[in-house]
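# Remarks on the overall topology
So you can see what is in the structure, the chains are spelled out below.
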Amino acid sequence: MKTDNYNLITNGDSIPTVNQLTPLTSSLSTKPQQKSTAATANSKVVKIVVAACCAVSLTCIVVAVYEAKHSGCRQESLGCLNCWNQSCSLETNFCLHGCTPGWQGSKCNEECPVGSYGASCSQLCGHCKNQSTCNTVTGVCSDECEDGYHSPHCNETCPAGSYGASCSQLCGHCKSQSTCNGVTGVCLDGCDPGYDSPHCNKSCPFGSFGASCNQLCGHCKGRSTCNGVTGVCLVGCDPGYDSPHCNETCSVGSFGASCKQLCGHCKTQSNCNSVTGVCLDGCEDGYQTPNCNEVCPQNTYGPDCNKPCGQCKDKDSCHPVTGRCLNGCQDGYQQVTLRSCPSGSFGPDCSKECGFCKIAGSCNYITGQCLNGCQDGYQGDLCDTTCSSGTYGPACTKVCGHCKEGSACNYIKEYVQMAVKMAIQQTFALHLKGKLCLSDSVTTAFLTLITVIAIWFP
């Protein structure tokens with residue numbers, strides 16, 4: 001009975017009651033009972049006191065054992081704090097269901113190593129700035145992200161169109177709306193036209209345009225710049241250049257700002273300087289330099305207005321080209337009839353020779369155009385150009401046959417005839433100009449030669 005009650009005290013989870021301690025207190029009395037009443041009373045008092053003292057002593061002992069036992073459990077339970085659901089073995093302190101985020105080890109008493117976080121430290125930190133670590137529980141970088149990555153975990157690159165620290169900067173004008181490098185901001189496929197690399201956030205430098213700004217503006221007015229995308233000059237062109245890019249000179253016959261002005265009466269097909277309008281080869285007869293758009297001054301005429309008018313009536317001026325007095329002559333003077341150039345010549349002062357006209361020397365004395373067409377083997381208004389390869393004959397209208405190895409055809413008698421005719425033509429031209437005197441016998445010889453040529457080379 002004593003043993004059972006002791007086991008109850010040491011193994012139970014509650015403090016023993018006085019009733020449970022009664023068998024112990026009753027067993028403490030071992031003396032024989034006194035026969036007298038007084039002794040009996042005194043004996044009861046002593047028993048009560050002894051029983052009370054023993055009860056108090058045993059209670060203290062039992063409480064001490066209980067506290068010691070349960071205090072040990074609480075200390076052991078501290079090892080389960082980092083266990084998942086705080087569940088661990090009371091004997092080994094090993095966590096039964098793993099660790100809470102930020103801890104590792106069998107007892108979950110080791111913090112995650114640098115660069116990892118989460119449950120059992122199984123996740124890696126993102127791209128934390130300056131290689132700093134992240135929170136071992138949440139994974140959030142303690143010192144923001146590296147350039148090119150964004151919060152909170154710094155494991156995702158910048159969204160398209162942004163870059164830099166915390167992805168706070170915007171990409172420039174990248175080509176075809178492509179993105180840029182998330183760290184540096186450099187456009188991966190180059191820039192849109194009109195913007196300069198590497199970041200494509202600056203317009204082309206002054207004087208350039210286009211893709212990568214590698215094209216130069218034209219001759220923009222007053223050295224102004226052009227549109228960075230299209231290259232069109234913003235305020236027009238310098239004189240002598242045509243819109244919109246101002247990189248082409250004025251077409252023949254025009255000059256000046258936007259090529260809106262027309263060349264004057266230039267001697268050679270309105271060929272004037274595209275900027276100033278000055279005729280490059282001088283003026284037509286009757287017009288004065290430099291731009292050849294004004295007639296000769298009063299009382300002058302002819303080439304470069306270098307001839308004085310005659311004695312015109314009432315001191316009027318004369319025709320700027322021919323020099324003929326417009327209202328007649330003064331008394332005592334008469335008009336001089338202008339004579340055309342001798343056969344075989346034309347142009348200013350009859351200084352040019354006719355080409356290979358069908359009838360030798362029969363060209364217009366002003367323009368030089370052959371009146372009856374060209375000799376066989378020649379073409380053009382002036383009959384001064386040979387037939388192109390593969391053609392021959394009158395006006396070069398006939399096609400050569402299958403000449404060996406693709407060579408051109410060549411009729412010798414026609415060339416001989418042309419050469420002789422040309423020599424005769426030039427000789428007579430000199431004779432008519434008075435630069436070559438021919439005797440009657442020589443003239444007869446030439447006529448005979450012409451007759452022979454006509455018979456031999458019809």
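Definitions and cut-offs
Every chain is numbered independently, its residues counted from 1 as its sequence is written. Per-residue local features of the predicted model are confined to residues with pLDDT of at least 70, and side-chain atom pairs are confined, for both listing and counting, to 80 or more; whole-chain, interface and lining totals are unaffected and use all residues. Excluding hydrogens and water, the side-chain figures rest on all heavy atoms present in the structure. Starting at the N terminus, helices and strands are each numbered in turn, a helix being any DSSP run of H or I of at least four residues and a strand any DSSP run of E of at least two. The buried label goes to any residue with under 20% of its type's maximum accessible area, the exposed label to any with over 50%, and the partly exposed label to all in between, with areas taken from a 1.4 Å probe on protein chains only. Note on contacts: a residue pair is in contact if any heavy atoms of the two residues lie within 4.5 Å. We get accessible surface area from the Shrake-Rupley algorithm with a probe of 1.4 Å; when it comes to residues, only the shown protein chains can shield them. Here a polar contact is recorded for every N or O atom pair within 3.5 Å, except that within protein the pair must consist of a potential hydrogen donor and a potential acceptor, and residues adjacent in sequence are included only if both atoms are side-chain atoms. Disulfides are defined as pairs of cysteine sulfur atoms found within 2.5 Å of each other. Any pair of Phe, Tyr and Trp rings, taking the six-membered ring for Trp, is counted once the centres come within 6.5 Å. Such a pair is stacked with planes under 30 degrees apart, edge-to-face with planes over 60 apart, and tilted for the rest. What makes a nonpolar core is a set of buried Ala, Val, Leu, Ile, Met, Phe, Trp, Tyr and Cys residues whose side-chain atoms join them at distances within 4.5 Å. Here pLDDT means the predictor's own confidence in every residue, given as a number from 0 to 100.

### Section: the overall build of the chain
Scanning the chain from N- to C-terminus turns up five helices and 26 strands. Within the chain, the fraction of its 458 residues that count as buried is 27%. Here the analysis covers contacts within the chain between residues at least 6 apart in sequence; of these, 17% occur between residues at least 24 apart. By element, 55% of the accessible surface of the chain is carried by carbon and sulfur atoms, the whole surface being about 29300 Å².

### Comments concerning the side chain of Ser 116
With respect to the secondary-structure elements, Ser 116 resides in strand E3 (residues 116–117). Judged by relative accessible area, which is 5%, Ser 116 ranks as buried. Separated by 3.0 Å, the side chain of Ser 116 and the backbone oxygen of Pro 113 make a polar contact.

### Quick notes on the environment of Pro 303
Relative to the helices and strands, Pro 303 resides in the loop between strand E19 (300–301) and strand E20 (307–308). Expressed as a C-alpha distance, the spacing of Pro 303 and Gly 286, which sit 17 residues apart in the sequence, is 6.3 Å.

### Comments concerning the state of the cysteines
In the structure shown here, the tally under the stated rule is 25 disulfides. At a sulfur-sulfur separation of 1.9 Å, the disulfide partner of Cys 112 is Cys 121. Between Cys 112 and Cys 121 the sulfur-sulfur dihedral comes to about -95°; the bridge is accordingly left-handed. Like Cys 121, Cys 112 is buried. What pairs with Cys 357 in a disulfide is Cys 370, and their sulfur atoms sit 1.9 Å apart. In this structure the cystine formed by Cys 357 and Cys 370 twists about its S-S bond by roughly -75°; its chirality is therefore left-handed. Taken as a pair, Cys 357 in the loop between strand E22 (352–353) and strand E23 (378–379) and Cys 370 in the loop between E22 and E23 lie far apart in primary sequence, 13 residues in all. On the basis of relative accessibility, which here comes to 9%, the residue Cys 370 falls in the buried class.

### Some thoughts on the packing of aromatic side chains
Evaluation of the coordinates by the stated rule reveals one aromatic pair. Ring centres 4.1 Å apart and planes at 15° place the aromatic pair Phe 356 and Tyr 378 in the stacked group. Of this pair, Phe 356 sits in the loop between E22 and E23 while Tyr 378 sits in strand E23, placing them 22 residues apart in sequence.

### Overview of unusual backbone geometry
Along the chain, Thr 289 connects to Pro 290 via a cis peptide bond; the corresponding omega equals 10°. Its location among the elements puts Pro 290 in the loop between strand E17 (287–288) and strand E18 (294–295). At Cys 167, a residue that is not glycine, the phi angle is positive and equals roughly 55°. Counting through the fold element by element, Cys 167 comes out in the loop between strand E7 (162–163) and strand E8 (169–170). Its identity is not glycine, yet Cys 213 carries a phi of approximately 55°, on the positive side. Inspection of the secondary structure puts Cys 213 in the loop between strand E11 (208–209) and strand E12 (215–216).

### Some thoughts on the nonpolar core
One broad rule of soluble globular proteins: the nonpolar side chains tend to lie buried together. Formed by Phe 346, Cys 354, Phe 356, Cys 357, Cys 363, Cys 370, Cys 374, Tyr 378 and Cys 383, the largest nonpolar core amounts to nine residues. The residues touching Cys 370, leaving out its near neighbours within four places in the chain, are Phe 356, Cys 357, Ser 362, Cys 363, Asp 381, Leu 382 and Cys 383.

### Some words on the side chain of Ser 87
By the element assignment, Ser 87 lies in the loop between helix H3 (37–77) and strand E1 (103–104). In this structure the side chain of Ser 87 is engaged in a polar contact, spanning 3.0 Å, whose partner is the backbone oxygen of Trp 84.

### Describing the environment of Gln 131
Mapped onto the fold, Gln 131 is located in the loop between strand E4 (123–124) and strand E5 (149–150). Each C-alpha atom of the pair Gln 131 and Gly 115 lies 9.0 Å from the other, and the pair is 16 residues apart in sequence.

### Brief notes about the confidence of the model for the chain
For residues with low pLDDT, the predicted coordinates do not support detailed interpretation. With 69% of its residues at a pLDDT of 70 or more, the chain has an overall mean of 74. In the model, residues 1–42 has pLDDT below 50 throughout and makes 30 contacts with residues more than four positions away in sequence or in other chains. Here residues 454–458 is a poorly scored stretch, pLDDT under 50, and it has four contacts once near neighbours within four places are set aside; other chains count.

### Some thoughts on the environment of Thr 276
Relative to the helices and strands, Thr 276 resides in the loop between strand E16 (261–262) and E17. Remark: the alpha-carbon pair of Thr 276 and Asn 291, spanning 15 residues in sequence, is separated by 8.2 Å. If we ignore the near neighbours within four places in the chain, the residues touching Thr 276 are Phe 255 and Asn 291. Separated by 3.3 Å, the side chain of Thr 276 and the backbone nitrogen of Val 278 make a polar contact.

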